[in-house]
Amino acid sequence: MKPSPDHNFIIVSFEGIKNKKHSEIKCDFNPYVKKIRKLDGWELSITWDSKIYTDKKTGEKPYFTYLLCHRAVEINSP
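Computed from a prediction, not measured in an experiment: that's the story for all the values here. (Residues numbered from 1 in each chain as written. Predicted model: local features only at pLDDT ≥ 70, side-chain atom pairs only at ≥ 80, totals over all residues. Heavy atoms only, no water.)

A. The nonpolar core, seen in detail. Ile-10, Val-12, Ile-25, Cys-27, Phe-29, Ile-36, Trp-42, Leu-67, Cys-69 and Ala-72 form the largest nonpolar core, which has ten residues in total. Looking at this core, the elements that each hand over two or more residues are strand E1 (9-12), strand E2 (23-27) and strand E4 (63-76). Leave out the neighbours within four places in its chain, and Val-12 touches Lys-21, His-22, Ser-23, Ile-25 and Leu-44. (Core = buried A, V, L, I, M, F, W, Y, C linked by side-chain atoms within 4.5 Å. Buried < 20%, exposed > 50% of the residue type's maximum accessible area, 1.4 Å probe, protein only. Helix = DSSP H or I, 4+ residues; strand = E, 2+ residues; numbered from the N terminus. Contact = heavy atoms within 4.5 Å.)

Next up, the structure:
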């Protein structure tokens, strides 16, 4: 996905994680304006948040947990 001024999320891989999975992190700022790039190293201030919703078919109340970034500071740029 190409970065866009209207996106409020970033895709990251965490340093030190062996399986190199990527995670989507929602931002409460515009990452496009901060010029966050794929190969840059950033220190992120992250919290967990969850949304609970009601499944219309079963009536169960599952939840979705996501990461929310409040602050990003560049520490390394190639």
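Here the narrative resumes.
B. A look at the packing of aromatic side chains. Going through the model one piece at a time under the given rule, you end up with one aromatic pair. Their ring planes at 20° and their centres at 6.3 Å tell us that Phe-64 and Tyr-66 sit as a pair that is stacked. Its relative accessible area of 13% is what places Tyr-66 among the buried residues. Positioned above the aromatic ring of Tyr-66 is the side chain of Lys-26, whose terminal nitrogen or guanidinium carbon lies 4.3 Å from the ring centre. (Phe/Tyr/Trp six-rings, centres within 6.5 Å; stacked < 30°, edge-to-face > 60°. Lys NZ or Arg CZ within 6 Å of the ring centre and 35° of its normal.)

C. Representation of the sheet that holds strand E3 (residues 41-52) within the structure. Ordered in space as E1-E2-E4-E3, the four strands form an open sheet in which the pairing is mixed. Lying at the two open borders of the sheet, with one neighbouring strand each, are E1 and E3. Here the strands of the sheet are splayed against their neighbours by 40° on average, with no regard to which way each runs. With three bridges connecting them, E2 and E4 associate as parallel partners. Within the sheet, the bridge partner assigned to Cys-27 lies in E4 and is Cys-69. (Pairing = 2+ DSSP bridges. Axes fitted to C-alpha atoms, helices over the stretch in contact; angles between N-to-C directions.)

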